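# Per-entry structural report
This is what each chain is made of:
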Amino acid sequence: MSKLQNAIVGGVRTVLGRVPASWLPGGTPDPIIQKRATLGTQQPRIDGPDKVRGAARFAAEVPMANLLHAAFVHSTVARGKIAELDVSAAEAAPGVALVMTYRNAPKMSVPPAIGITNLKAAGNHTLPVMQDAEIRWNGQAVAVILAETREQAEHAATLVRIRYNAAQSRTRFKDGKKDASTPDSILIERNRVDKGNASKKLAEAAYKIDAVYRTPWQNHNPIEPHAATIAWQDGQLIVHDATQMIHATAGSLAKVFGLKEADVFVSSPFVGGGFGAKGMWDHQILGAAAAKLAGRPVRVMLSRASMHRLVGGRTQTEQRVALGASADGKLTALLHHGYATKPRHSICDEGFSLTGRSLYASASFDIVQHHVDLDLLANSFMRAPGETPGTFAIECAMDELAHQLGMDPVELRRRNVASCDPISGAPHSQSATMTAYDLGAERIGWARRAPAPRARRDGEWLVGMGCAGGTFPFARMPGTSARITLDARGQAHVASAAHEMGMGTATVQRQHAADRLGLPLDSVSVTIGDSRLPFASFAGGSSQTASLGAAINAASGKLAAELLRLAGNDTPLAGLRASDVEFADSGLRSIDDPSRHESFASIFRRSGHKDLSVTGESGPPLEMLKFSMHSTSAIFCQLRVSEVTGEIRIDRLVGAFDCGRILNTKTATSQFKGGMIMGLGMALTEETLLDERSGRIMSTSLADYHVPVHLDVPEIDVLWTDIPDPRTPMGARGIGEIGTTGVAAAVANAVFNATGTRVRDLPITLDKLAFNETPEKREAISPPEFP
């Protein structure tokens, strides 16, 4: 990301700021907002029955004849070269068909990097894959074993003998900060924000907070580990993958192996959880290369250990937040500085610093983040990347400021919530953050919260309540396409290479298409998950619903025009244009005169056509550059802390969300709850244990890397404002990631309210709760030291 990008994005925003909103996408509210029939109702997932019966076929379940199974050998040094490599014992092991190393791997190009300028690229790093003896991180795949069974492959992997010439490596975060880089931009935003001389205003502030907050490395642990079933047939590459980037994976594999895009087929109808992890990593590339060498199909099923070594997660961060406020609680200064690990070969920005520039108004800002280049596995996107660690720091600091002011934390936020973009001044497309706070506060009984720490007790248990806010930007990706086929029976079929990772994509878009086309729900079907279908961008950044929704809307406009053409002049619709009609009652009718109506069946019967097919595309998302568009959350937590053991028990968690219109109350509730549970993991249990001496990940199983289990999860209440965003398709914004943001801070703030101990270093474990210290020492658990 460069100064040129900053200039281009800034220039476009300046121009769009002068362009009337009516000229842009979302310039007028989507008519479907006021004409919902099935949208907004509680509909079961259409894939549910197949999943319950075990009929839904995932990537590792696709049957293929003559199948081989893959296992990986991983490097044990962070930097260096392979000096000696002995695979003879592995090749002689029972069932082994092939051992592939850099010595015999086919020539492969570096995978093209994920980016908004190339939506057919899926590479998470910019390194060559098994093309030389070079070792670039501890855990890199150095050999692939193919055998008749997975057990035989895994046994043979233990027989490979490797000696390395280890080189000096950089694996310590503290040391790496000395040489940290400062990028010009983070994602599409300018990195450095300096507005209003924040340092001076902080020094002059009547009240101030200046503290450092730390979040650890975290690994992905979807219920379905990464898997792919791969075959070469007549020069074509067939990949049944677990991916949230179908077309991008197909395009990337074509580049890697020098194929035409049409010669790569990727299928992924079901994904058992993605959260940013299910992009393209080395295992798909190596599986395809090994299958080519062996001349047989290959199944790759990563073990948890291999997944942690080959698939990146959330990087660690160290963030300084300094807030200055006047006596009435109004922010006069907001400083948000920090470091995140980002190896130079990594693609993902952990944009924690974006949070401080969107949540609150302040008289001044000073925001910047730095990247620490280490010899580690490339970090990657993990549910609400950037905003999740960023809201932890900002929202804990807000709680500390409220405590210093003697002010209710909700009231402090009310006095500082932004009425427009705090940096650019761009208007919000829609924002009702404090409505969400009011809903959440009422539901949890916030009025019962004791303002003073350690004021509520139940036997050995100290009881506390905390709150925090969250934010995640709206995104709509250009180019996502959808094909609508309508037949003479009034049955509509929607097809797109979109993704189903458990969130209910097909279910919601079926509802959308039914309402958009004026059809009963049972007259609409949806097919997704196949690269032969119309192009779809990745499912990430909470963008897929809006992107696919915009494509279906565009296709419906084309469909109306084609139906009018078929209808001809002998129709009640004669003389009308596509903009003059709307879909209703399984047909078209005039907007101004609803009595002028003709059914689809009548139009098809008179024209002699059996069906009609059109494709629509999501256009450039210019609305994102004109308006400030964010989903927001208000998270409330009630918990108990044992004064004997330090154990934390979450009693209640309430999430209230302002995300535009909710499209399916059942699937939305599930999405929000899942995000909040991931937030609990961040707060209390999840931490990738990295040996900084060697760069080795030590927590490579669910026994070592702790995710929340049923007994950790409390009663969770989910609420929403359901206020439509007039600038978005269907009036909705993304909800896949907002549930995670703010949760860790709400838990940390509740812990402080219960115990008086301020923990600024996640996860909050027993050893960080100092019950026998004085209040002054408890406040200083994480001192505000920052270079």
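Summarised in this report is the structure supplied together with it.

Let's shift gears to the overall build of the chain. The helix and strand tally for the chain stands at 19 helices and 31 strands. A compact globule built from 787 residues should have a C-alpha radius of gyration of about 28 Å, and the chain, at 27 Å, falls within 12% of that. With the principal axes as the frame, the chain shows a C-alpha extent of 85 × 70 × 55 Å. Relative to its 787 residues, the chain shows a buried fraction of 62%. Contacts in the chain between residues at least 24 apart in sequence constitute 81% of all its contacts with a sequence separation of at least 6. A total accessible area of about 29300 Å² is found for the chain, and carbon and sulfur atoms account for 51% of it. Charge centroids of the chain, computed over 84 positive and 80 negative side chains, lie 2 Å from each other.

It is worth spelling out the packing of helix H11 (residues 409-416) against helix H12 (residues 433-444) at this point. Closest axis-to-axis distance for the H11/H12 pair is 10 Å, and the angle between their directions is 165°. Taken together, the axis directions place H11 and H12 in an arrangement best described as roughly antiparallel. Here H11 runs over H12; the crossing is left-handed. Within the contact between the two elements, H11 uses Val-410, Arg-413 and Arg-414 and H12 uses Met-434, Tyr-437 and Asp-438. Tallied by class, residues from the contact of H11 with H12 come to 3 nonpolar, no polar and 3 charged.

Going through the model one piece at a time under the given rule, you end up with 8 aromatic pairs. With 6.1 Å between their ring centres and 90° between their planes, Tyr-213 and Phe-392 make a pair best called edge-to-face. With Tyr-213 in strand E10 (residues 207-215) and Phe-392 in helix H10 (residues 387-405), the pair connects residues that are 179 residues apart, well separated along the chain. Accessibility assignment for this pair places Tyr-213 and Phe-392 in one class, buried. Each ring, one from Trp-232 and one from Phe-257, has its centre 5.5 Å from the other, and the planes form 80°; the classification is edge-to-face. Pair noted here: Trp-232 is in strand E11 (residues 227-233) and Phe-257 is in helix H7 (residues 246-257), with a separation of 25 residues, a long-range link. Residue class for Trp-232 comes out partly exposed when judged on its relative accessible area of 22%. Taken together through their ring pairs, the aromatic side chains of Tyr-437, Trp-446 and Phe-636 make up a single cluster.

What follows covers the side chain of Thr-480. Secondary-structure assignment places Thr-480 in the loop between strand E19 (461-473) and strand E20 (481-487). On the basis of relative accessibility, which here comes to 3%, the residue Thr-480 falls in the buried class. Within the local environment of Thr-480, its side chain forms a polar contact with the backbone nitrogen of Ser-537, the two atoms lying 3.1 Å apart.

Further remarks concern the sheet that holds strand E18 (residues 456-458). Pairing in this open sheet of 5 strands is mixed, and the strands run E18-E19-E27-E28-E31 from one edge to the other. In this open sheet, the two strands that pair with only one neighbour each are E18 and strand E31 (715-720). Taken over all neighbouring pairs, the strand axes of this sheet differ in orientation by 25° on average, direction set aside. Bridge count between strand E28 (residues 648-658) and E31: 6 bridges; the pairing is parallel. Note on E31: the bridge partner recorded for Phe-657 is Trp-720. Along the sheet, helix H17 (residues 665-684) makes contact with E28 and E31, crossing E31 at roughly 125°.

A separate point is H7. In this model, H7 (12 residues) spans 17 Å end to end at C-alpha, consistent with the 16 Å of a helix rising 1.5 Å per residue. Summarising burial for H7: 11 of the 12 residues are buried, a large majority. Along H7, the residues that are buried comprise Ile-246, His-247, Ala-248, Thr-249, Ala-250, Gly-251, Ser-252, Leu-253, Ala-254, Val-256 and Phe-257. Buried-residue contacts for H7 involve E11, strand E12 (236-241), strand E13 (264-267) and helix H8 (282-294). One or two residues past the end of H7 sits Gly-258, with phi positive at roughly 65°.

Within the open sheet, the 7 strands sit side by side as E3-E5-E1-E14-E11-E12-E13. Their pairing is mixed. Of all strands in the sheet, those bounded by a partner on one side alone are strand E3 (96-100) and E13. Across the sheet, the mean angle separating the axes of adjacent strands is 20° when strand polarity is ignored. Pairing of strand E1 (residues 68-74) with strand E14 (residues 298-301), which is carried by 2 bridges, proceeds in the parallel orientation. Within E14, the residue paired with His-69 across the bridge is Arg-299. On top of the sheet, helix H4 (residues 150-157) reaches E1, E3, strand E5 (141-147) and E14; it is set at about 25° to E1, its chief contact. Docked against the sheet, H7 engages E11, E12 and E13, running at close to 150° with respect to E13.

Tyr-213, Phe-636, Leu-639, Ile-648, Phe-672, Val-747 and Ile-764 are the most contacted members of the largest nonpolar core, which has 76 residues in total. For Phe-636, the contacting residues outside a window of four places in its chain are Val-410, Tyr-437, Gly-440, Ala-441, Ile-444, Trp-446, Gly-466, Cys-467, Arg-652, Leu-653 and Val-654. In this structure, Trp-137, Ala-277, Val-298 and Met-307 belong to the second largest nonpolar core, which totals 47 residues.

It is the contact of helix H14 (residues 544-567) with helix H15 (residues 600-607), at a shortest axis distance of 9 Å, that shows an interaxial angle of 50°. Between H14 and H15, the interaxial angle falls into the category oblique. Regarding H14 and H15, the two cross each other, and that crossing is left-handed. Seen from H14, the contacting residues are Leu-563, Leu-566 and Ala-567; seen from H15, they are Phe-600, Ile-603, Phe-604, Arg-606 and Ser-607. Class assignment of the residues belonging to the contact of H14 with H15 gives a composition of 6 nonpolar, 1 polar and 1 charged.

Conventions adopted
- Residues numbered from 1 in each chain as written.
- Predicted model: local features only at pLDDT ≥ 70, side-chain atom pairs only at ≥ 80, totals over all residues.
- Heavy atoms only, no water.
- Helix = DSSP H or I, 4+ residues; strand = E, 2+ residues; numbered from the N terminus.
- Rg over C-alpha atoms; globule rule 2.2 N^0.38 Å.
- Buried < 20%, exposed > 50% of the residue type's maximum accessible area, 1.4 Å probe, protein only.
- Contact = heavy atoms within 4.5 Å.
- Areas by Shrake-Rupley, 256 points an atom, 1.4 Å probe, with all protein chains shown as cover.
- Lys, Arg positive; Asp, Glu negative; His and termini not counted.
- Charge placed at Lys NZ, Arg CZ, Asp CG, Glu CD.
- Axes fitted to C-alpha atoms, helices over the stretch in contact; angles between N-to-C directions.
- Parallel < 35°, antiparallel > 145°, perpendicular 65-115°, else oblique.
- Left-handed = near helix turned anticlockwise from the far one by under 90°.
- Nonpolar A, V, L, I, M, F, W, Y, C, P; charged D, E, K, R; others polar.
- Phe/Tyr/Trp six-rings, centres within 6.5 Å; stacked < 30°, edge-to-face > 60°.
- Polar contact = N/O pair within 3.5 Å; in protein donor to acceptor, adjacent residues only side chain to side chain.
- Pairing = 2+ DSSP bridges.
- Expected span 1.5 Å × (residues − 1).
- Core = buried A, V, L, I, M, F, W, Y, C linked by side-chain atoms within 4.5 Å.

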